[in-house]
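Commentary on secondary and tertiary structure
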Amino acid sequence: MNSKTFVALALALAATSAIHAAPKTIVLPPDGVQLKPSSLPGYAKAQAQCVACHSAEYMLYQPPSAPRPYWDAMVKRMKTVFNAPIEDADMPLIVDYLVKTYGNEQPK
Ligand code: HEC
């Protein structure tokens, strides 16, 4: 075996062992509180636009008696005060999800 063949063989072996290495499982640290799942269309919108800066834990601290205008004002505040990238068209859907999931329109 000349040295070139040996190097090629060694490389091939290294490649095979890499392929056969156990699949890497990545365990992420628990990411705080998640939004409560819902079939409302606002759920996906909120997931995309409301938990980029903070966890959903913030919703849990809101009063369950909070009516729709309260959530509306809060979503608008996120956008105007904190520059949250929330589409105007998505706001009513998000507010609807929030008030029915965390506010005073929750199913009893
Ligand atoms: C651009 C970043 C950003 C995004 C996106 C964002 N927020 Fe916030 N949010 C903040 C900041 C900053 C605070 C204030 C944190 C503090 O006071 O410690 C906050 C606070 C809150 C609070 C706590 C109560 C309050 O009024 O301070 C709630 C509830 C909340 N956000 C809900 C939402 C919802 C619902 C959305 C989606 C519509 C959203 N946030 C999107 C940045 C964001």
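The preceding data block contains the structure.
Parameters at a glance
The numbering scheme is per chain: residues are counted from 1 as the chain's sequence reads. Given that this is a predicted model, residues contribute local features only at a pLDDT of at least 70 and side-chain atom pairs are listed and counted only at 80 or more, while totals for whole chains, interfaces and linings are drawn from all residues. Hydrogens and water are ignored here; the side-chain numbers use all heavy atoms of the structure. With water omitted from the atoms examined, metal sites may look incomplete; donors here are N, O and S atoms no farther than 2.8 Å from the metal, or 3.2 Å in the case of Na, K and Ca. A site with four donors is called tetrahedral when every donor-metal-donor angle falls between 85 and 135 degrees; four donors are called square planar, and six octahedral, when opposite donors sit more than 155 degrees apart and all other angles fall between 65 and 115; any other arrangement is irregular. Each helix is a run of DSSP H or I of at least 4 residues and each strand a run of E of at least 2, with the numbering of both proceeding from the N terminus. Near, as used in this document, describes a residue that has one of its heavy atoms within 4 Å of the molecule or strand being considered. In protein, a polar contact requires one atom able to donate a hydrogen and another able to accept it; more generally it is a pair of N or O atoms within 3.5 Å, and residues adjacent in sequence count only if both atoms are side-chain atoms. Here a cavity means grid points, on a 1 Å grid over the protein atoms only, where a 1.4 Å probe fits yet cannot get out; a pocket means an open set of points with protein on both sides within 12 Å along at least five of seven lines; lining residues are those with an atom within 4 Å of a point. Should more than half of a molecule's atoms lie within 2 Å of a pocket's or cavity's grid points, that molecule is taken to sit in it. Charged means Asp, Glu, Lys or Arg here, nonpolar means Ala, Val, Leu, Ile, Met, Phe, Trp, Tyr, Cys or Pro, and polar covers whatever is left, Gly included. What a helix is expected to span follows from its residue count: subtract one and scale by 1.5 Å. Burial status follows relative accessibility: with a 1.4 Å probe on protein chains alone, a residue under 20% of its type maximum counts as buried, one over 50% as exposed, and anything between as partly exposed. It only takes one pair of heavy atoms within 4.5 Å for two residues to be counted as in contact. Each nonpolar core is a collection of buried residues, namely Ala, Val, Leu, Ile, Met, Phe, Trp, Tyr and Cys, held together in the definition by side-chain atoms within 4.5 Å. Grid points are joined across faces, edges and corners, and a volume is the space filled by probe spheres set on the points.

Further remarks concern the coordination of the iron atom of the ligand. Taken together, His 54 (NE2) and Met 78 (SD) make up the full set of protein donors to the iron atom of the ligand, lying 2.0 to 2.2 Å away. Taken together, the six donor atoms coordinating the iron atom of the ligand span angles of 87 to 179° at the metal, a pattern that classifies the geometry as octahedral. Of the two residues, His 54 sits in the loop between helix 2 (41-49) and helix 3 (57-60) while Met 78 sits in helix 4 (residues 68-82), which places them 24 residues apart along the sequence.

Let us look at the site of the ligand. Near the ligand there are 17 residues, and of these Cys 50, Cys 53, His 54, Arg 77 and Met 78 occur at the shortest range. At 2.7 Å from a nitrogen atom of the ligand is found a side-chain nitrogen or oxygen belonging to His 54. Cavity membership is defined here by more than half of the atoms lying within 2 Å of grid points; on that basis the ligand lies in the largest pocket. Listed by contribution, the elements that provide at least two residues to the shell around the ligand are helix 3, helix 4 and helix 5 (91-101). Broken down by element, the residue count for the shell around the ligand peaks at five residues, all from helix 4. Each residue belonging to the shell around the ligand can be placed in one class, and the counts come to 13 nonpolar, three polar and one charged.

Moving on, we come to helix 4. With 15 residues, helix 4 should cover 21 Å at 1.5 Å per step; its first-to-last C-alpha distance of 21 Å lies within 8% of that length. By the burial criterion, the buried members of helix 4 are Trp 71, Met 74, Val 75 and Met 78. The inward-facing, buried residues of helix 4 abut helix 3 and helix 5. Trailing helix 4 by a residue or two, Asn 83 shows a phi angle of about 60°, which is positive.

Here we come to the nonpolar core. Ranked by internal contacts, the top residues of the largest apolar core, which has 20 residues, are Leu 35, Trp 71 and Leu 98. At the level of elements, helix 2, helix 4 and helix 5 are the ones that each hand at least two residues to this core. Considering each element in turn, this core owes the most residues, six residues, to helix 5. Those residues within four positions of Leu 98 in sequence are excluded, and the remaining contacts are Met 59, Trp 71, Met 74, Val 75 and Gly 103.

On to the layout of surface pockets, then. If you add up the space inside the largest pocket, you get close to 330 Å³. The wall of the largest pocket is formed by 18 residues, among which Cys 50, His 54, Met 59, Met 78 and Phe 82 lie closest to the centre. Contributions of two or more residues to the lining of the largest pocket are made by helix 2, helix 3 and helix 4. Here the lining of the largest pocket takes five residues from helix 4, the largest share from any one element.

These values are about where atoms sit, not about what they do.
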